Amino acid sequence: MEKIRIALAGNPNVGKSTLFNSLTGMRQHVGNWPGKTVEYKEGTFNYDEYEIEVIDLPGNYSLTAYSMEEIVSRDYIVDEHPDVIVNIVEAANLERNLYLTVQMMELGANLVLALNMNKAADEKGFKIDVDKLSQLLGIPVVRIEAVDDTGREELLKSILEVSKSPNNVIDRVEYGSEIDEHIEQLEKLVKEDISEVDAPSSWTALKLLEDDSEVVEKIRESGRGQRVLSEAKKIRGHLNNIFGDDADAAITDARYGFIAGLIQESVKKPKIDKVTRSDLIDRIVTHKYWGIPIFLLIMWITFQITFTIGAPFQDLIDAGMGMLGDAVSAGLGEGFLTSFLVDGLIGGVGGVIVFIPPIFLLFFLLALLEDSGYLARAAFVMDRFMHKTIGLHGKSFIPMILGFGCAVPGIMATRTLENERDRFLTMLIVPFMSCSARLPVYTLIIAAFFVAYQGTVLFSLYLLGIVVAVIIAAIFKNTIFKGKSAPFVMELPPYRRPTLKGSLIHMWERGVLFLRKMGTIILGVSILIWALSSLPIGVEYASQDSVTGQIGTTIAPVFAPLGFGEWQAAVAVFYGFLAKEVVVSTFGILYGVGEEASDEPDPSEEASSGEAPTEEASAEPASGEEVAAQEASGEEAAPEEEAAPEEEEEVAPEEDQGFISAIQGLFTPLSAYAFLVFVLLYIPCLATLAAIKRETNSWRWPAFSAAYTFVVAYIVSFIVYQGGSLLGFA
Amino acid sequence: MDLGNPKFFERMEVIKSMINALNELKVGDSGVVVSYKGKGSLRKHLMEMGFVRGANVEVQRVAPLGDPIEVKVKGYSISLRKEEAQYIEIEIA
């Protein structure tokens, strides 16, 4: 079977992903471009004796070196020479869409133009003469509807045709005689001096006149470009004199001029703009008074669906893993192997799959919001607030809201931000939003010390998280992310009905990616921590004699200035790295709560019943948020399941008087509050760090995140404890 | 161009007064891009998004908090902050 390699290119929001999904179905692979944070998607399908490999290039408006996406796309076309490039364009928005087409023609790409969303254009009153357009461009133009496979057959035929007899359009674009002449002049020099460069020489000449930094740099590196570069500079000066403006502006003008000519001859635009459906929707959702309430309502619904609907499924997973652990324990009896299987392996796997419900739901909802066009409006509505307070893009609001449920989906939602600086900065502050996994810790400490001030203490912690995030954002903006903030130049695409298939595929590929990339990290570290807690062999799990216990004992003095220098607190903080709610169960173990139910206490066993799920040690941050709040039984992941009659009576840790007095012995009210502040701010949990690793495609950022949050937590807790002491609190 | 004609400078004044930065336009105002003050990658990006000389623009909406604005250009809608729009000079139709 013969192979053909094609690439899909086009502006954002023109149905590129829809076409990609409809061509490849589930036979696709998502990853990153080598060394980049830009997403890479490829897939294959068979057609007429051919195996066709499809690369989905990032959605771009242009091929200038303006963004990483543009560079990636451009380099791919230059270096990899795909057999055919299918350029998807929106029929009702041809002018701007063709700008990218023109740039690909300059590159000598072998193009097929797929004219998408013709029905919508017809309704608006556009009349497009496809044959004329095709003739003027010199490339096949095919009408398609990506959502329902209209024109699919014809598109595939065109692809095969041009793969056999490539069209030559490289000299078709006209920039006016003045510029054309100089391109030719420079092209000759390029051919003579640096002929080994992959890209077409006319394109290289053009880019040099545009003063494209990437191309200039490449030519400089080649070592033989002096003559070409100095000539280019001379011509640029000359053009500047003629046009009274930079040459690259003149060239951009000329491209749009060329396009205007094409449109003039092949498209009849509607005379009067009808009030569109999109316009009517926008009048409501970006309304002066209603816009923000509507946005908040949509956020609230997203939050509720992600976390509340996800919770029962997480509880089911918890219960299932618990039963599995029990079964293994029952089958194998107590022992080192059992401990490994139950606490290490099953616990670790549980810690991964427990995230599936909220993450799948989140990605489904994000796909709906994005594909419908609302996400752009949300950013439009919130941008001023986000820009003024923390200097971020309006879209950063969504990850931060999600962070209050769980930082993992919050981090993953940052991929809706196009700008890398905004994306990284948002990832660094999302963990300060107090997630639901911290709630059990708050509940326990409040029950021990602050019963009378419950609401105030809780509120102060949530507020503190937000305040710290704002301050940190301000600091980072002026240090590691120094420079001008990203511009808010963003298309507001027409509203469209998202397709169920598209949203489901989106959800599936993200979910699977999560399992593959983050799952291994979480599982690996969970097992490592299990080993540290179980060694040396024979030691009681997580006791002071275990490696973790010893680590806790060693590092405990570090926390003395914060008011909690006891080894128990240090060990709890250590386990809290797995997931913050594990702090509670760790105290449970260390103070022997729940021993009556279990012969071998360990931090993964709950303070309550021996039947309790055993994988808590590895986390279920997102789950039980509501449950925890309502029943004040925070560390219980699945109270419903366990409410069934059992031999032993269940006691939530904050209702267990013995446990409470043990905690009261460990802290003073002041040091307890400092401890809460520390738990709020310190190192994001393992799953969050894994998400940051996945999203930034580098270990640098999770490492940095862990380090700086530890410092921030230390400083703030220090101020709280020492300041409080000075003020006479105890 | 008849510089000897005293009316010429008067006319120049009138034309000048019709030119506004894009961020100064009100909702519903429309006009034509005449120039862009300043340089750099933002300018290039805006031009590529359609704010080239001679392009028709119309301010469609302002966000609830007063910024950014939504502008129709080249037949589609784009949003930008006022601080970014201030560099684009429009001759009001």
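The present account deals with the structure reproduced in this document. These figures come from a predicted structure and were not determined experimentally.

### Points about the overall build of chain A
Okay, step 1: Looking only at helices and strands, chain A has 31 helices and ten strands in total.
Okay, step 2: With the C-alpha coordinates aligned to their principal axes, the bounding extent of chain A is approximately 90 × 55 × 55 Å.
Okay, step 3: Each of the 730 residues in chain A was classed as buried or not, and the buried ones make up 51%.
Okay, step 4: Here the analysis covers contacts within chain A between residues at least 6 apart in sequence; of these, 72% occur between residues at least 24 apart.

### Quick notes on the overall build of chain B
Okay, step 1: Helices and strands together make up the secondary structure of chain B, namely three helices and six strands.
Okay, step 2: Helices and strands appear in chain B in the N-to-C order α-β-β-α-β-β-β-α-β.
Okay, step 3: A burial count over chain B gives 40% of its 93 residues as buried.
Okay, step 4: The contacts in chain B between residues at least 6 apart in sequence include a share of 58% that link residues at least 24 apart.

### Brief notes about the interface of chain B and chain A
Okay, step 1: Facing 28 residues of chain B, the contacting portion of chain A comprises 29 residues.
Okay, step 2: Of all the secondary structure elements, the ones that give two or more residues to the side of chain B that touches chain A are helix 2 (41–48) and strand 5 (76–80) of chain B.
Okay, step 3: No other element matches helix 2 of chain B, which puts seven residues into the side of chain B that touches chain A.
Okay, step 4: Classifying every residue of the side of chain B that touches chain A by side-chain character gives twelve nonpolar, seven polar and nine charged.
Okay, step 5: Sheet topology places strand 10 (residues 490–491) of chain A next to strand 5 of chain B; two bridges connect them, and they run antiparallel.

### Observations regarding the pairing of strand 6 (residues 111–116) of chain A
All names here are of chain A.
Okay, step 1: The element strand 6 is extensively covered by neighbouring structure, given that six of its six residues are classed as buried.
Okay, step 2: Side chains Leu111, Leu113 and Leu115 project from strand 6 onto one buried face, and the interleaved Val112, Ala114 and Asn116 project onto a second face that is buried too.
Okay, step 3: Where strand 5 (residues 84–90) lies against strand 6, six bridges are found, and the strand directions are parallel. Residue pairing across strands places isoleucine 85 opposite leucine 111, the latter belonging to strand 6.
Okay, step 4: In this view, the connection linking strand 5 to its parallel neighbour strand 6 by way of helix 3 (residues 94–106) has right-handed handedness.
Okay, step 5: Relative to strand 8 (residues 141–143), strand 6 runs parallel, the two sharing three bridges. Bridging across to strand 8, leucine 113 finds its partner in valine 141.

### Some remarks on the packing of helix 3 of chain A against helix 11 (residues 247–266) of chain A
Residues and elements named next belong to chain A.
Okay, step 1: For the pair helix 3 and helix 11, the least separation of the axes is 9 Å and the interaxial angle reads 120 degrees. Taken as axis vectors, helix 3 and helix 11 run oblique relative to one another. Considering the relative orientation of helix 3 and helix 11, their crossing is right-handed. Residue-level inspection shows Leu94, Glu95, Leu98, Tyr99 and Val102 of helix 3 in contact with helix 11, the latter providing Arg255, Tyr256, Phe258, Ile259, Leu262 and Ile263.
Okay, step 2: Across the contact of helix 3 with helix 11, the residue classes tally to nine nonpolar, no polar and two charged.

### Quick look at the sheet that holds strand 6 of chain A
Residues and elements named next belong to chain A.
Okay, step 1: The seven strands lie next to each other as 2-3-4-1-5-6-8, forming an open sheet whose pairing is mixed. At either margin of the open sheet sits one strand with a lone partner, and together these are strand 2 (28–32) and strand 8. For this sheet the average axis-to-axis angle between neighbouring strands, irrespective of direction, equals 25 degrees.
Okay, step 2: Of the pairings in the sheet, the one linking strand 3 (residues 39–47) to strand 4 (residues 50–56) comprises seven bridges and is antiparallel in character. Following the sheet pairing, tyrosine 47 is matched in strand 4 by tyrosine 50.

### Points about the environment of Gly335(A)
Residues and elements named next belong to chain A.
Okay, step 1: Among the secondary structure elements, glycine 335 is positioned in the loop between helix 13 (291–332) and helix 14 (336–353).
Okay, step 2: Overall, glycine 335 belongs to the exposed group, with 11 C-beta atoms counted inside 10 Å.
Okay, step 3: For the pair glycine 335 and lysine 268, spaced 67 residues apart in the sequence, the C-alpha separation amounts to 79 Å.

### Describing the sheet that holds strand 2 (residues 30–36) of chain B
Okay, step 1: Taken in spatial order, the seven strands make up an open sheet running 10(A)-5(B)-4(B)-3(B)-2(B)-6(B)-1(B), and their pairing is antiparallel. Looking along the sheet, the strands with just one partner apiece sit at the ends: strand 10 of chain A together with strand 1 (19–21) of chain B.

### Focus on the environment of Arg96(A)
Okay, step 1: Residue position: Arg96(A) is located in helix 3.
Okay, step 2: Among the residues examined, Arg96(A) registers 23 C-beta atoms within 10 Å and is labelled buried.
Okay, step 3: The sequence separation of Arg96(A) and Asn11(A) amounts to 85 residues, and the corresponding C-alpha distance is 8.8 Å.
Okay, step 4: Residues within four places of Arg96(A) in sequence aside, it is in contact with Gly50(B), Lys74(B) and Tyr76(B).

Rules and cut-offs
Residues numbered from 1 in each chain as written. Chains lettered and ligands numbered in written order. Predicted model: local features only at pLDDT ≥ 70, side-chain atom pairs only at ≥ 80, totals over all residues. Helix = DSSP H or I, 4+ residues; strand = E, 2+ residues; numbered from the N terminus. Buried ≥ 20, exposed ≤ 12 C-beta atoms within 10 Å, placed from the backbone. Contact = placed C-beta atoms within 7 Å. Nonpolar A, V, L, I, M, F, W, Y, C, P; charged D, E, K, R; others polar. Pairing = 2+ DSSP bridges. Right-handed = clockwise from strand over helix to strand, strands pointing away. Axes fitted to C-alpha atoms, helices over the stretch in contact; angles between N-to-C directions. Parallel < 35°, antiparallel > 145°, perpendicular 65-115°, else oblique. Left-handed = near helix turned anticlockwise from the far one by under 90°.

Bear in mind that shape data such as this cannot, by itself, settle questions of function.
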